[in-house]
Amino acid sequence: MIRVVVADDQALVRAGVRMLLQAAGDMEVVGEADDGAEAVRLAEHHRPDVVLMDLRMPRVDGLEAIKRILAAQPAAKIVVLTTFADDANVYAALRVGALGFLVKDDEPERMVDAVRRAASGEQLLAPSVLRRVVERALAAEQQATPTPTGLTERELEVLALVGTGLSNAEIAERLHVGVTTVKTHVGSAMEKLGLRNRIQAAVVAHRIGLVDAAFRPVRHPPRG
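Residues numbered from 1 in each chain as written. Predicted model: local features only at pLDDT ≥ 70, side-chain atom pairs only at ≥ 80, totals over all residues. Heavy atoms only, no water.

(A) Structural detail: the side chain of Asn197. Among the structural elements, Asn197 can be located in the loop between helix 9 (179-193) and helix 10 (198-207). In contact with Asn197, other than residues within four places in its own chain, are Leu94, Gly97, Ala98, Leu99 and Met190. (Helix = DSSP H or I, 4+ residues; strand = E, 2+ residues; numbered from the N terminus. Contact = heavy atoms within 4.5 Å.)

(B) Structural context of the sheet that holds strand 5 (residues 100-103). Spatially, five strands are ordered 2-1-3-4-5 in an open sheet, and the strand pairing comes out parallel. This sheet does not close on itself; its edge strands, each paired only once, are strand 2 (27-33) and strand 5. With strand direction ignored, the average angle separating the axes of adjacent strands in the sheet is 25°. Judged from the four bridges that link them, strand 4 (residues 78-82) and strand 5 form a sheet pairing that is parallel. When the bridges of strand 5 are listed, Thr82 appears paired with Val103. (Pairing = 2+ DSSP bridges. Axes fitted to C-alpha atoms, helices over the stretch in contact; angles between N-to-C directions.)

(C) Spotlight on unusual backbone geometry. The phi angle at Arg47 is positive, at roughly 50°, despite the residue not being glycine. With respect to the helices and strands, Arg47 occurs in the loop between helix 2 (36-46) and strand 3 (50-54). By relative accessible area, which is 43% here, Arg47 ends up partly exposed. (Buried < 20%, exposed > 50% of the residue type's maximum accessible area, 1.4 Å probe, protein only.)

Here it is, written out as structure tokens:
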């Protein structure tokens, strides 16, 4: 059972999300928050598998709540709920560690699928959206980053493909290995680099030169 906390200041939105998720059969909404402070408290109390977080809430907004939750629980899986996909705050939330975002008027099936994918740690961004996030992050952080030591050749190769926006399944197909193997390499590389999610991994891949400006991998180490 996937345990979810829903944070949104509109009671109607929370009720709709709760009904949708619990009707899926494999999900349970264990807490509802109407502001960011309550979201932080519920995340600490319930330790849910996924937090769905609105950004525009009273007292403590969603961005600050995400920061506080991840400071206490670095492995927390947070998905932003937003009305506008181009909201600058969405990109700020992705940079600090949110897994992805959902627009509130998306198809119901997309939200259910997104929660399942988030629970397994998958990125919830189309490659076109990832491109904008990476470009914003690189423009905001103009510094050179040395190639990290300690990564294997395979981990560097997988990190480069993460930077192009490929999913685990797509990377597995590209490298002719199993999806579980890819997950292991991605997880190991992120742990060594101290990263919370694939978005941050993609930014690092670009910053250290594993991916070019056209979002193509530029490192092709021999396969292990």
